[in-house]
Amino acid sequence: MKYWSFSEGFGLENLIRISGELPTPGPRDVLLEMRAASLNYRDLVVMRGQHGKLVQPPLVPVSDGVGIVIDVGSQVSGPAIGDRASPAFYQHWQGGPPPTDLDVGRLGGPLNGVLATHCVFPASSVVAVPPHLSDEEAATLPCAGVTAWSALSEPSPVRPGETVLILGSGGVALMALSLARASGARTIVTTSSAAKSEKLLDLGADLVIDRSIDENWARTVRKATDEVGCDRVLELGGAATLSQSIKAVRTGGTIILIGNVTGNNAELYLPLVLTRRLTLHSVTCGSRAAFEALNRALEQHDIRPVISKVVPFQSAPAAFAALETHQDIGNICISSFQDGDA
Ligand SMILES: NC(=O)c1ccc[n+]([C@@H]2O[C@H](COP(=O)([O-])OP(=O)(O)OC[C@H]3O[C@@H](n4cnc5c(N)ncnc54)[C@H](OP(=O)(O)O)[C@@H]3O)[C@@H](O)[C@H]2O)c1
(Lines give C-alpha, C1' and ligand atoms only; values in the text may rest on other atoms or scores of the structure.)
Protein backbone atom coordinates (compact mmCIF):
# COMPACT_ATOMS: atom_id res chain seq x y z
CA MET A 1 0.00 0.00 0.00
CA LYS A 2 0.97 3.67 -0.35
CA TYR A 3 0.10 6.65 1.83
CA TRP A 4 0.90 10.34 2.09
CA SER A 5 2.21 11.56 5.41
CA PHE A 6 3.44 14.75 7.03
CA SER A 7 6.34 12.71 8.29
CA GLU A 8 9.01 15.08 9.60
CA GLY A 9 6.85 18.14 10.13
CA PHE A 10 3.99 20.12 8.61
CA GLY A 11 4.11 22.17 5.39
CA LEU A 12 3.69 20.96 1.83
CA GLU A 13 7.42 20.23 1.56
CA ASN A 14 7.01 17.59 4.28
CA LEU A 15 4.11 15.75 2.64
CA ILE A 16 5.83 12.53 1.58
CA ARG A 17 4.52 9.45 -0.23
CA ILE A 18 5.44 6.30 1.68
CA SER A 19 5.12 2.54 0.97
CA GLY A 20 3.90 0.24 3.73
CA GLU A 21 2.46 -3.17 4.49
CA LEU A 22 -1.22 -3.75 3.76
CA PRO A 23 -2.96 -3.32 7.14
CA THR A 24 -4.98 -6.22 8.57
CA PRO A 25 -8.38 -5.46 10.12
CA GLY A 26 -8.89 -6.45 13.78
CA PRO A 27 -11.96 -8.54 14.78
CA ARG A 28 -14.29 -5.48 14.74
CA ASP A 29 -12.62 -3.59 11.88
CA VAL A 30 -13.01 -3.25 8.15
CA LEU A 31 -10.32 -2.68 5.52
CA LEU A 32 -11.22 -0.09 2.87
CA GLU A 33 -9.56 0.14 -0.52
CA MET A 34 -9.80 3.90 -0.92
CA ARG A 35 -11.29 5.40 -4.08
CA ALA A 36 -11.45 9.17 -3.51
CA ALA A 37 -10.83 11.92 -0.97
CA SER A 38 -11.95 15.53 -0.71
CA LEU A 39 -10.13 18.48 0.85
CA ASN A 40 -11.56 20.94 3.35
CA TYR A 41 -10.32 24.28 4.63
CA ARG A 42 -9.39 22.36 7.77
CA ASP A 43 -6.80 20.36 5.81
CA LEU A 44 -5.03 23.62 5.02
CA VAL A 45 -4.98 24.52 8.71
CA VAL A 46 -3.51 21.10 9.49
CA MET A 47 -0.94 21.45 6.69
CA ARG A 48 0.14 24.79 8.16
CA GLY A 49 0.60 23.18 11.58
CA GLN A 50 -2.06 25.45 13.07
CA HIS A 51 -4.58 22.88 14.29
CA GLY A 52 -3.49 22.85 17.93
CA LYS A 53 -1.31 20.66 20.08
CA LEU A 54 -3.25 17.44 19.54
CA VAL A 55 -2.50 17.35 15.82
CA GLN A 56 1.14 16.40 15.36
CA PRO A 57 3.29 14.69 12.71
CA PRO A 58 3.72 11.98 11.62
CA LEU A 59 0.19 12.24 10.27
CA VAL A 60 -1.72 10.88 7.28
CA PRO A 61 -3.87 13.92 6.39
CA VAL A 62 -7.43 14.48 5.10
CA SER A 63 -10.66 13.47 6.84
CA ASP A 64 -13.06 13.08 3.94
CA GLY A 65 -12.92 10.01 1.73
CA VAL A 66 -14.67 6.93 0.41
CA GLY A 67 -13.58 3.38 -0.32
CA ILE A 68 -14.70 -0.17 -0.97
CA VAL A 69 -14.70 -2.75 1.83
CA ILE A 70 -12.22 -5.49 0.82
CA ASP A 71 -11.81 -7.31 4.15
CA VAL A 72 -13.73 -7.53 7.42
CA GLY A 73 -12.84 -8.76 10.92
CA SER A 74 -14.27 -12.00 12.34
CA GLN A 75 -16.87 -10.20 14.51
CA VAL A 76 -18.17 -7.77 11.89
CA SER A 77 -21.81 -8.24 10.90
CA GLY A 78 -21.85 -5.23 8.54
CA PRO A 79 -20.75 -3.66 6.28
CA ALA A 80 -19.87 -6.50 3.89
CA ILE A 81 -17.06 -6.99 1.41
CA GLY A 82 -17.86 -5.01 -1.74
CA ASP A 83 -19.84 -2.28 0.05
CA ARG A 84 -18.90 1.35 -0.58
CA ALA A 85 -18.46 3.33 2.62
CA SER A 86 -16.94 6.46 4.15
CA PRO A 87 -15.32 6.72 7.56
CA ALA A 88 -17.14 9.12 9.90
CA PHE A 89 -15.23 12.32 10.72
CA TYR A 90 -15.58 11.61 14.45
CA GLN A 91 -14.67 7.97 14.76
CA HIS A 92 -16.11 7.67 18.29
CA TRP A 93 -19.36 9.71 18.07
CA GLN A 94 -22.21 7.42 17.15
CA GLY A 95 -25.15 9.73 17.98
CA GLY A 96 -26.74 11.84 20.70
CA PRO A 97 -24.72 14.51 22.53
CA PRO A 98 -21.01 14.69 21.66
CA PRO A 99 -18.53 12.76 23.83
CA THR A 100 -16.53 15.02 26.14
CA ASP A 101 -13.28 13.88 24.49
CA LEU A 102 -14.60 14.89 21.05
CA ASP A 103 -11.25 16.22 19.78
CA VAL A 104 -9.37 12.94 20.07
CA GLY A 105 -11.55 11.08 17.58
CA ARG A 106 -11.13 13.32 14.49
CA LEU A 107 -9.83 11.84 11.27
CA GLY A 108 -6.99 13.66 9.50
CA GLY A 109 -5.66 14.90 12.84
CA PRO A 110 -5.14 13.77 15.51
CA LEU A 111 -6.12 10.37 14.00
CA ASN A 112 -4.53 9.35 10.71
CA GLY A 113 -6.72 10.34 7.76
CA VAL A 114 -7.70 8.85 4.44
CA LEU A 115 -4.85 9.84 2.12
CA ALA A 116 -3.81 6.18 1.81
CA THR A 117 -4.59 3.50 -0.73
CA HIS A 118 -5.85 1.25 2.10
CA CYS A 119 -7.24 2.15 5.54
CA VAL A 120 -8.57 0.20 8.52
CA PHE A 121 -11.49 1.59 10.55
CA PRO A 122 -13.81 0.18 13.20
CA ALA A 123 -16.85 -1.24 11.38
CA SER A 124 -19.03 0.90 13.65
CA SER A 125 -17.33 4.06 12.34
CA VAL A 126 -17.98 3.69 8.63
CA VAL A 127 -21.17 4.68 6.84
CA ALA A 128 -22.63 3.45 3.55
CA VAL A 129 -22.82 6.34 1.07
CA PRO A 130 -25.66 7.12 -1.37
CA PRO A 131 -25.44 5.06 -4.57
CA HIS A 132 -26.33 7.98 -6.87
CA LEU A 133 -23.07 9.76 -6.05
CA SER A 134 -19.74 9.31 -7.84
CA ASP A 135 -16.75 8.40 -5.66
CA GLU A 136 -15.56 12.02 -5.72
CA GLU A 137 -18.99 13.34 -4.77
CA ALA A 138 -19.37 10.80 -1.95
CA ALA A 139 -15.90 11.67 -0.66
CA THR A 140 -17.08 15.19 0.27
CA LEU A 141 -19.63 14.02 2.81
CA PRO A 142 -17.95 13.10 6.14
CA CYS A 143 -16.91 16.61 7.22
CA ALA A 144 -18.24 19.16 4.71
CA GLY A 145 -21.55 17.39 4.14
CA VAL A 146 -22.26 16.45 7.74
CA THR A 147 -21.35 19.94 8.96
CA ALA A 148 -23.86 21.49 6.53
CA TRP A 149 -26.47 19.00 7.73
CA SER A 150 -25.86 19.82 11.40
CA ALA A 151 -25.92 23.55 10.66
CA LEU A 152 -29.45 23.23 9.29
CA SER A 153 -30.67 20.71 11.88
CA GLU A 154 -29.41 22.19 15.13
CA PRO A 155 -30.54 23.41 17.61
CA SER A 156 -33.81 22.85 15.71
CA PRO A 157 -34.33 22.03 12.03
CA VAL A 158 -34.76 24.80 9.49
CA ARG A 159 -38.38 25.05 8.35
CA PRO A 160 -39.97 25.72 4.96
CA GLY A 161 -40.29 29.43 4.29
CA GLU A 162 -37.48 30.45 6.62
CA THR A 163 -34.66 32.57 5.23
CA VAL A 164 -31.17 31.15 5.61
CA LEU A 165 -28.08 33.31 5.05
CA ILE A 166 -24.99 31.35 4.02
CA LEU A 167 -21.57 33.02 4.07
CA GLY A 168 -19.24 32.14 1.20
CA SER A 169 -19.18 29.40 -1.38
CA GLY A 170 -16.88 26.79 0.17
CA GLY A 171 -17.61 23.09 0.55
CA VAL A 172 -19.81 23.46 3.64
CA ALA A 173 -21.65 26.45 2.15
CA LEU A 174 -22.48 24.74 -1.14
CA MET A 175 -23.87 21.62 0.52
CA ALA A 176 -25.84 23.84 2.90
CA LEU A 177 -27.30 25.69 -0.09
CA SER A 178 -28.61 22.44 -1.61
CA LEU A 179 -29.96 21.14 1.70
CA ALA A 180 -31.61 24.44 2.63
CA ARG A 181 -33.33 24.60 -0.76
CA ALA A 182 -34.52 21.01 -0.36
CA SER A 183 -36.02 21.89 3.01
CA GLY A 184 -38.04 24.70 1.43
CA ALA A 185 -36.03 27.57 2.85
CA ARG A 186 -35.27 30.81 1.03
CA THR A 187 -31.50 31.13 0.57
CA ILE A 188 -29.25 34.18 0.55
CA VAL A 189 -25.54 33.64 -0.10
CA THR A 190 -22.64 36.09 0.15
CA THR A 191 -19.66 35.62 -2.13
CA SER A 192 -16.60 37.41 -3.46
CA SER A 193 -16.97 37.87 -7.21
CA ALA A 194 -19.41 38.29 -10.07
CA ALA A 195 -18.37 34.93 -11.54
CA LYS A 196 -19.10 33.11 -8.28
CA SER A 197 -22.38 35.01 -7.93
CA GLU A 198 -23.50 33.71 -11.30
CA LYS A 199 -22.63 30.12 -10.39
CA LEU A 200 -24.45 30.39 -7.08
CA LEU A 201 -27.57 31.65 -8.85
CA ASP A 202 -27.25 28.70 -11.26
CA LEU A 203 -27.12 26.43 -8.22
CA GLY A 204 -30.45 27.85 -7.09
CA ALA A 205 -29.61 30.55 -4.54
CA ASP A 206 -32.56 32.95 -4.28
CA LEU A 207 -30.36 35.99 -3.70
CA VAL A 208 -26.58 36.35 -3.98
CA ILE A 209 -24.70 39.29 -2.49
CA ASP A 210 -21.27 40.04 -3.94
CA ARG A 211 -19.43 41.31 -0.87
CA SER A 212 -16.61 42.67 -3.09
CA ILE A 213 -19.02 45.43 -4.19
CA ASP A 214 -21.42 45.39 -1.24
CA GLU A 215 -19.40 45.63 1.96
CA ASN A 216 -22.47 46.36 4.04
CA TRP A 217 -24.17 43.08 3.14
CA ALA A 218 -26.09 42.87 6.43
CA ARG A 219 -28.04 45.95 5.31
CA THR A 220 -28.86 44.23 2.01
CA VAL A 221 -30.08 41.13 3.86
CA ARG A 222 -32.34 43.25 6.02
CA LYS A 223 -33.73 45.08 2.98
CA ALA A 224 -34.39 41.75 1.28
CA THR A 225 -36.33 40.54 4.32
CA ASP A 226 -38.62 43.56 4.75
CA GLU A 227 -36.26 44.90 7.45
CA VAL A 228 -36.96 41.84 9.64
CA GLY A 229 -33.66 39.98 9.13
CA CYS A 230 -33.02 36.38 8.18
CA ASP A 231 -33.99 33.47 10.44
CA ARG A 232 -30.63 31.73 10.46
CA VAL A 233 -27.05 32.59 9.52
CA LEU A 234 -24.48 29.94 8.69
CA GLU A 235 -21.47 31.83 10.09
CA LEU A 236 -18.48 30.48 8.19
CA GLY A 237 -16.48 33.71 8.10
CA GLY A 238 -15.50 34.30 11.74
CA ALA A 239 -13.75 37.42 12.99
CA ALA A 240 -14.51 39.76 10.09
CA THR A 241 -18.10 38.66 9.49
CA LEU A 242 -19.71 37.94 12.87
CA SER A 243 -20.78 41.54 13.56
CA GLN A 244 -22.60 41.79 10.24
CA SER A 245 -24.16 38.36 10.75
CA ILE A 246 -25.61 39.59 14.02
CA LYS A 247 -27.03 42.63 12.26
CA ALA A 248 -28.43 40.48 9.45
CA VAL A 249 -30.38 38.05 11.66
CA ARG A 250 -33.89 38.73 12.96
CA THR A 251 -34.78 39.20 16.62
CA GLY A 252 -35.09 35.70 18.05
CA GLY A 253 -33.03 34.30 15.17
CA THR A 254 -30.14 31.85 15.20
CA ILE A 255 -26.49 32.22 14.28
CA ILE A 256 -24.78 28.93 13.64
CA LEU A 257 -21.09 29.36 14.43
CA ILE A 258 -19.12 27.11 12.10
CA GLY A 259 -15.98 28.64 10.66
CA ASN A 260 -13.23 31.20 11.02
CA VAL A 261 -11.75 31.73 7.56
CA THR A 262 -11.23 35.45 8.36
CA GLY A 263 -9.70 34.96 11.82
CA ASN A 264 -10.29 33.83 15.38
CA ASN A 265 -10.85 36.93 17.47
CA ALA A 266 -14.27 38.35 16.78
CA GLU A 267 -15.60 41.50 18.37
CA LEU A 268 -19.15 41.20 19.63
CA TYR A 269 -21.40 44.18 20.39
CA LEU A 270 -23.30 42.52 23.21
CA PRO A 271 -26.43 44.73 23.24
CA LEU A 272 -27.26 43.51 19.72
CA VAL A 273 -27.28 39.97 21.08
CA LEU A 274 -28.64 40.48 24.59
CA THR A 275 -31.60 42.64 23.66
CA ARG A 276 -32.71 40.52 20.70
CA ARG A 277 -32.87 37.02 22.17
CA LEU A 278 -30.47 35.57 19.64
CA THR A 279 -29.21 32.03 19.75
CA LEU A 280 -25.50 31.54 19.06
CA HIS A 281 -25.08 27.84 18.46
CA SER A 282 -21.75 26.27 17.52
CA VAL A 283 -21.63 23.25 15.29
CA THR A 284 -18.76 20.85 15.04
CA CYS A 285 -19.39 18.43 12.19
CA GLY A 286 -21.71 15.73 13.56
CA SER A 287 -22.17 12.15 14.64
CA ARG A 288 -22.45 8.97 12.64
CA ALA A 289 -26.24 9.24 13.06
CA ALA A 290 -26.14 12.73 11.51
CA PHE A 291 -24.12 11.32 8.59
CA GLU A 292 -26.78 8.66 8.00
CA ALA A 293 -29.57 11.26 8.16
CA LEU A 294 -27.70 13.43 5.65
CA ASN A 295 -27.39 10.48 3.27
CA ARG A 296 -31.14 9.81 3.40
CA ALA A 297 -31.83 13.46 2.51
CA LEU A 298 -29.31 13.42 -0.35
CA GLU A 299 -30.95 10.33 -1.84
CA GLN A 300 -34.48 11.63 -1.35
CA HIS A 301 -33.71 14.95 -3.06
CA ASP A 302 -31.14 13.64 -5.55
CA ILE A 303 -28.60 16.16 -4.24
CA ARG A 304 -25.04 16.01 -5.60
CA PRO A 305 -22.07 17.87 -4.13
CA VAL A 306 -20.25 20.29 -6.44
CA ILE A 307 -16.75 19.22 -7.55
CA SER A 308 -14.38 21.81 -9.02
CA LYS A 309 -11.18 19.86 -9.54
CA VAL A 310 -9.92 16.27 -9.36
CA VAL A 311 -6.23 15.49 -8.82
CA PRO A 312 -4.75 11.95 -9.00
CA PHE A 313 -3.48 10.33 -5.78
CA GLN A 314 0.08 10.40 -7.07
CA SER A 315 -0.10 14.21 -7.30
CA ALA A 316 -1.87 14.77 -3.96
CA PRO A 317 0.31 17.76 -2.93
CA ALA A 318 -1.04 19.59 -6.01
CA ALA A 319 -4.51 19.36 -4.49
CA PHE A 320 -3.32 21.11 -1.31
CA ALA A 321 -1.60 23.78 -3.42
CA ALA A 322 -4.82 24.26 -5.40
CA LEU A 323 -6.81 24.65 -2.18
CA GLU A 324 -4.55 27.51 -1.08
CA THR A 325 -5.27 29.52 -4.21
CA HIS A 326 -8.82 28.27 -4.79
CA GLN A 327 -10.75 30.72 -6.95
CA ASP A 328 -13.49 28.44 -8.18
CA ILE A 329 -16.63 27.01 -6.64
CA GLY A 330 -16.72 23.38 -5.48
CA ASN A 331 -14.70 20.75 -3.67
CA ILE A 332 -11.16 19.79 -4.66
CA CYS A 333 -10.93 16.00 -4.76
CA ILE A 334 -8.23 13.37 -5.04
CA SER A 335 -8.94 10.18 -6.98
CA SER A 336 -7.24 7.24 -8.79
CA PHE A 337 -5.95 5.95 -5.46
CA GLN A 338 -5.30 2.46 -6.72
CA ASP A 339 -3.19 3.70 -9.69
CA GLY A 340 -1.07 5.28 -6.96
CA ASP A 341 -0.31 1.87 -5.43
CA ALA A 342 1.82 0.86 -8.44
N1 LIG B 1 -17.35 23.56 12.81
C2 LIG B 1 -17.16 22.56 11.97
O3 LIG B 1 -17.48 21.40 12.24
C4 LIG B 1 -16.56 22.83 10.64
C5 LIG B 1 -16.59 21.86 9.64
C6 LIG B 1 -16.11 22.19 8.38
C7 LIG B 1 -15.58 23.45 8.16
N8 LIG B 1 -15.53 24.35 9.17
C9 LIG B 1 -14.99 25.69 8.97
O10 LIG B 1 -15.83 26.35 8.05
C11 LIG B 1 -15.07 27.25 7.25
C12 LIG B 1 -15.29 26.92 5.78
O13 LIG B 1 -14.80 25.62 5.55
P14 LIG B 1 -14.86 24.97 4.09
O15 LIG B 1 -14.09 23.70 4.14
O16 LIG B 1 -16.23 24.98 3.57
O17 LIG B 1 -14.00 26.08 3.31
P18 LIG B 1 -13.53 26.19 1.80
O19 LIG B 1 -14.19 25.16 0.95
O20 LIG B 1 -12.05 26.29 1.79
O21 LIG B 1 -14.12 27.61 1.40
C22 LIG B 1 -13.84 28.74 2.12
C23 LIG B 1 -14.74 29.83 1.59
O24 LIG B 1 -14.71 30.91 2.51
C25 LIG B 1 -15.22 32.03 1.84
N26 LIG B 1 -14.65 33.25 2.38
C27 LIG B 1 -13.41 33.69 2.30
N28 LIG B 1 -13.31 34.90 2.88
C29 LIG B 1 -14.55 35.20 3.32
C30 LIG B 1 -15.12 36.33 3.96
N31 LIG B 1 -14.39 37.41 4.26
N32 LIG B 1 -16.42 36.31 4.26
C33 LIG B 1 -17.17 35.25 3.95
N34 LIG B 1 -16.69 34.16 3.32
C35 LIG B 1 -15.40 34.17 3.02
C36 LIG B 1 -14.87 31.86 0.36
O37 LIG B 1 -16.10 31.93 -0.38
P38 LIG B 1 -16.44 33.20 -1.27
O39 LIG B 1 -15.23 33.50 -2.10
O40 LIG B 1 -17.62 32.76 -2.06
O41 LIG B 1 -16.78 34.31 -0.30
C42 LIG B 1 -14.30 30.45 0.30
O43 LIG B 1 -14.80 29.71 -0.79
C44 LIG B 1 -13.63 27.10 7.73
O45 LIG B 1 -13.35 28.06 8.71
C46 LIG B 1 -13.60 25.72 8.36
O47 LIG B 1 -12.61 25.58 9.34
C48 LIG B 1 -16.01 24.07 10.39
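Residues numbered from 1 in each chain as written. Predicted model: local features only at pLDDT ≥ 70, side-chain atom pairs only at ≥ 80, totals over all residues. Heavy atoms only, no water.

A. Expanded view of the environment of Leu15. Along the chain, the position of Leu15 falls in strand E2 (residues 15-19). Under the relative-accessibility criterion, Leu15 is labelled buried at 6%. Expressed as a C-alpha distance, the spacing of Leu15 and Met47, which sit 32 residues apart in the sequence, is 8.6 Å. Setting aside anything within four residues of it in sequence, one finds Leu15 in contact with Trp4, Ser5, Phe6, Pro61, Pro317 and Phe320. (Helix = DSSP H or I, 4+ residues; strand = E, 2+ residues; numbered from the N terminus. Buried < 20%, exposed > 50% of the residue type's maximum accessible area, 1.4 Å probe, protein only. Contact = heavy atoms within 4.5 Å.)

B. Region of interest: the environment of Arg17. Turning to its location among the elements, Arg17 is positioned in strand E2. For Arg17, a relative accessible area of 33% corresponds to the partly exposed category. Each C-alpha atom of the pair Arg17 and Lys309 lies 21 Å from the other, and the pair is 292 residues apart in sequence.

C. Fine view of the domain arrangement of the chain. When cut into domains, the chain gives domain 1 (2-140 + 287-341) and domain 2 (155-282). The C-alpha centroid of domain 2 is placed 28 Å from the C-alpha centroid of domain 1. Contacts between the two partners involve 13 residues from domain 1, matched on the other side by 13 residues from domain 2. Both faces considered, domain 1 and domain 2 share a buried interface measuring about 1100 Å² in area, 74% of it formed by carbon and sulfur atoms. The largest contributions to the domain 1 side of the interface with domain 2 come from Tyr41, Ile303 and Ile329, which together make up 46% of the buried area. (Domains from an automatic or database assignment. Buried area = accessible area lost by both parts, 1.4 Å probe.)

D. Region of the structure containing the sheet that holds strand E11 (residues 230-235). Ordered by their spatial adjacency, six strands build an open sheet running E10-E9-E8-E11-E12-E13, and the pairing between neighbours is parallel. Looking along the sheet, the strands with just one partner apiece sit at the ends: strand E10 (207-210) and strand E13 (279-282). Between one strand and the next, the sheet's axes are offset by a mean angle of 20 degrees, whatever the strand orientation. Judged from the four bridges that link them, strand E12 (residues 249-257) and E13 form a sheet pairing that is parallel. Of the residues in E13, the one forming a bridge with Thr254 is Thr279. Running over the sheet, helix H5 (residues 194-202) touches strand E9 (186-191) and E10 and is turned about 170 degrees from E10. (Pairing = 2+ DSSP bridges. Axes fitted to C-alpha atoms, helices over the stretch in contact; angles between N-to-C directions.)

E. Summary view of the nonpolar core. With 46 residues, the main nonpolar core has Leu141, Leu152, Ile166, Leu179, Leu200, Leu234 and Leu298 as its most contacted residues. Mapped onto this core, the elements with two or more residues apiece are helix H2 (135-139), helix H3 (141-153), strand E8 (163-167), helix H4 (171-182) and helix H9 (288-301). Of the residues forming this core, the biggest block, eight residues, is contributed by H4. Taken domain by domain, this core gets at least three of its residues from each of domain 1 (2-140 + 287-341) and domain 2 (155-282). The contacts of Ile166, once residues within four sequence positions are left out, are Ala173, Ala176, Leu177, Ile188, Val189, Thr190, Leu234 and Leu236. Grouped together as the second largest cluster of nonpolar side chains are 38 residues, Leu15, Val30, Val46 and Val76 included. (Core = buried A, V, L, I, M, F, W, Y, C linked by side-chain atoms within 4.5 Å.)

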